[in-house]
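Structural characterization, general
Listed here are the chains, written in short residue letters.
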Number of protein chains: 2
Amino acid sequence: MSVKQKGINAERELVHKLWSNGWCAHRIAGSGSSRYPSPDIIAANGNKKIAIEVKSTKKDKRYFSEEDISQIEIFSEMFGAEAWIALRFSRKDWFFIKTGELDKTKKGFCASLELARKKGIVFDEFLRIE
Amino acid sequence: MSVKQKGINAERELVHKLWSNGWCAHRIAGSGSSRYPSPDIIAANGNKKIAIEVKSTKKDKRYFSEEDISQIEIFSEMFGAEAWIALRFSRKDWFFIKTGELDKTKKGFCASLELARKKGIVFDEFLRIE
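Residues numbered from 1 in each chain as written. Chains lettered and ligands numbered in written order. Predicted model: local features only at pLDDT ≥ 70, side-chain atom pairs only at ≥ 80, totals over all residues. Heavy atoms only, no water.

**Topic: the packing of aromatic side chains**
Short version of the rule: Working definition: a ring pair exists when centres of Phe, Tyr or Trp rings (six-membered ring for Trp) sit within 6.5 Å. Plane angles under 30 degrees give stacked, over 60 give edge-to-face, the rest tilted. Two limits define a charge over a ring: the Lys NZ or Arg CZ must be within 6 Å of the ring centre, and within 35 degrees of the ring normal.
Scanning the model with the defined rule gives 15 aromatic pairs over all chains in all. In textbook terms, an aromatic cluster arises when at least three aromatic residues are bridged by ring pairs, as seen for Trp23, Trp84, Phe96, Phe123 and Phe126 of chain A. The lysine or arginine in question, Lys17 of chain B, covers the ring of Phe123 of chain B, its NZ or CZ lying 4.5 Å from the ring centre. One cation-aromatic arrangement involves Lys104 of chain B over Phe109 of chain B; the distance from NZ or CZ to the ring centre is 4.8 Å.

**Topic: the pairing of strand β2 (residues 41-44) of chain B**
Residue and element names in this part refer to chain B. In plain terms, the rule: Partly exposed describes any residue whose relative accessible area lies between the buried limit of under 20% and the exposed limit of over 50%, with all areas from a 1.4 Å probe on protein chains only and scaled to the type maximum. To qualify as a helix, a DSSP run of H or I must reach at least 4 residues; to qualify as a strand, a run of E must reach at least 2; elements of each kind are numbered from the N terminus. Two strands are said to pair when DSSP picks up at least two bridges between them.
Every second residue of β2 is oriented toward a common face, with Ile41 and Ala43 on one face and Ile42 and Ala44 on the other, all of them buried. Sheet topology note: the strand β1 (residues 24-27)/β2 ladder contains four bridges and is antiparallel. Bridging from a neighbouring strand, Cys24 pairs with Ala44 of β2. Sheet analysis places β2 next to strand β3 (residues 49-57), joined by four bridges and oriented antiparallel. Within β3, the position partnered with Ile41 by the bridge is Ile52. Remark: four residues form the turn of the hairpin made by β2 and β3, two consecutive strands paired antiparallel; Gly46 in that turn has positive phi of roughly 95°.

**Points about the interface of chain A and chain B**
Quick reminder of the rule: Pairs of residues are marked as contacts when any of their non-hydrogen atoms sit within 4.5 Å. What counts as buried area is the accessible surface, traced by a 1.4 Å probe, that two parts surrender upon association, with contributions from both included. Whenever Lys or Arg places a side-chain nitrogen within 4 Å of a carboxyl oxygen from Asp or Glu, that contact is recorded as a salt bridge. Here a polar contact is taken to be a pair of N or O atoms separated by no more than 3.5 Å, where protein atoms must pair a possible hydrogen donor with a possible acceptor and residues adjacent in sequence count only if both atoms sit in side chains. Throughout this entry, Asp, Glu, Lys and Arg are counted as charged residues, while Ala, Val, Leu, Ile, Met, Phe, Trp, Tyr, Cys and Pro are counted as nonpolar. The remaining residues, Gly among them, count as polar.
The partner chain B presents 26 residues to the 26 residues of chain A that form the contact. Together, the buried faces of chain A and chain B total about 2,100 Å²; carbon and sulfur atoms form 74% of this surface. Contact with chain B buries area across many residues of chain A, yet His26, Tyr36 and Phe79 of chain A alone supply 29% of it, more than any other trio. At the boundary of chain A and chain B, one finds zero salt bridges. Counting every contact that joins chain A to chain B gives nine residue pairs in polar contact (both at pLDDT 80 or more). Every element with two or more residues in the side of chain A that touches chain B is listed here: α1 (3-20), β1 (24-27), β2 (41-44) and α2 (66-79) of chain A. Partitioned by chemical class, the residues of the side of chain A that touches chain B number 15 nonpolar, eight polar and three charged.

**As for a positive patch on the surface**
Residue and element names in this part refer to chain A. Condition: Only residues whose relative accessible area exceeds 30% and that take part in no salt bridge are eligible for patches, with like-charged residues grouped when within 9 Å of each other and nonpolar side chains (Val, Leu, Ile, Met, Phe, Trp, Tyr) grouped when within 5 Å. Each accessible area is a Shrake-Rupley result for a 1.4 Å probe, and residues are judged covered by the shown protein chains and nothing else. The sign given to each residue is positive for Lys and Arg and negative for Asp and Glu; His and the chain ends receive no count. By convention, the point assigned to a charge is CZ for Arg, NZ for Lys, CD for Glu and CG for Asp.
Together, Lys6, Lys58, Arg91, Lys92 and Arg117 give the surface a local cluster of positive charge. Its location among the elements puts Lys6 in helix α1. Taking relative accessible area as the criterion, Lys6 reaches 41% and is therefore assigned partly exposed.

**Thoughts on the pattern of salt bridges**
For the coordinates displayed, the defined rule picks out 16 salt bridges over all chains. Taking the shortest distance from any N to any O, the salt bridge between Glu13 of chain A and Arg88 of chain A comes out at 2.7 Å. You can see Glu13 of chain A sitting in helix α1 and its partner Arg88 of chain A sitting in strand β5 (residues 82-89), a full 75 residues away along the chain. On the accessibility criterion, Glu13 of chain A (30% relative accessible area) is partly exposed. For Arg88 of chain A, a relative accessible area of 23% corresponds to the partly exposed category. Residue Lys48 of chain B pairs with Glu82 of chain B through a salt bridge whose shortest N-O separation is 2.8 Å. In this pair, Lys48 of chain B is assigned in the loop between β2 and β3 and Glu82 of chain B in strand β5 (residues 82-89), connecting sequence segments 34 residues apart. Among the residues examined, Glu82 of chain B registers a relative accessible area of 23% and is labelled partly exposed. Salt bridges sharing partners connect three or more residues here, namely Lys48, Glu82 and Lys98 of chain A.

As structure tokens, this is what we get:
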């Protein structure tokens with residue numbers, strides 16, 4: 001399976017999980033190649049609008065380019081949404097981390113499993129965010 | 001060009017027009033085949049969130065199934081958005097009509113060019129909706 005297909009599958013899984021739990025969520029068409037700032041998923045529960053960048057990794061650390069993060073933040077600002085990263089480490093549950101909580105690196109940003117556990121929230125907590 | 005491709009092209013054209021005018025807009029992935037209620041486009045200008053069903057026709061009348069309209073209304077209610085139809089008649093500009101303004105038919109709903117001119121608004125007016 002290609003990296004792109006794995007990414008799409010992870011996004012679809014998250015969309016289903018959100019609908020199953022009373023949220024409304026959809027994948028954005030061509031989010032990885034759009035000429036405009038775009039999240040992977042737009043989700044809402046009526047009051048709260050969330051723009052989500054979805055990543056999964058087999059390692060215990062995931063890097064993000066400056067571009068990745070600025071794109072979702074610009075979109076969120078314009079749309080009127082909160083910018084979150086949904087991150088799944090190998091065989092672990094989903095973690096949700098606000099873009100502002102990522103560690104800064106020389107070339108961009110980084111989230112380790114340790115950071116996700118410390119600064120992130122798990123799926124059930126995400127459903128209840130106010 | 002297939003009907004599906006023409007539909008996608010119309011959606012893309014509208015997305016570009018919205019970005020060019022300071023709105024933020026994206027096509028929803030698989031909107032026509034999703035198992036969940038879905039609009040074709042989600043758009044916003046910070047305050048206002050709009051779910052858009054996009055249709056174009058070479059005739060002077062466009063029919064909508066009950067299903068088409070209920071899907072976008074259910075999505076909009078859950079998401080916290082307004083439900084609009086963006087409709088382009090052959091060689092005419094875009095008209096925007098709220099789903100509640102469509103004419104009821106036996107099998108669903110209908111928008112004629114006459115109705116669009118009477119109850120709809122044109123693109124420039126849509127940009128300024130409050």
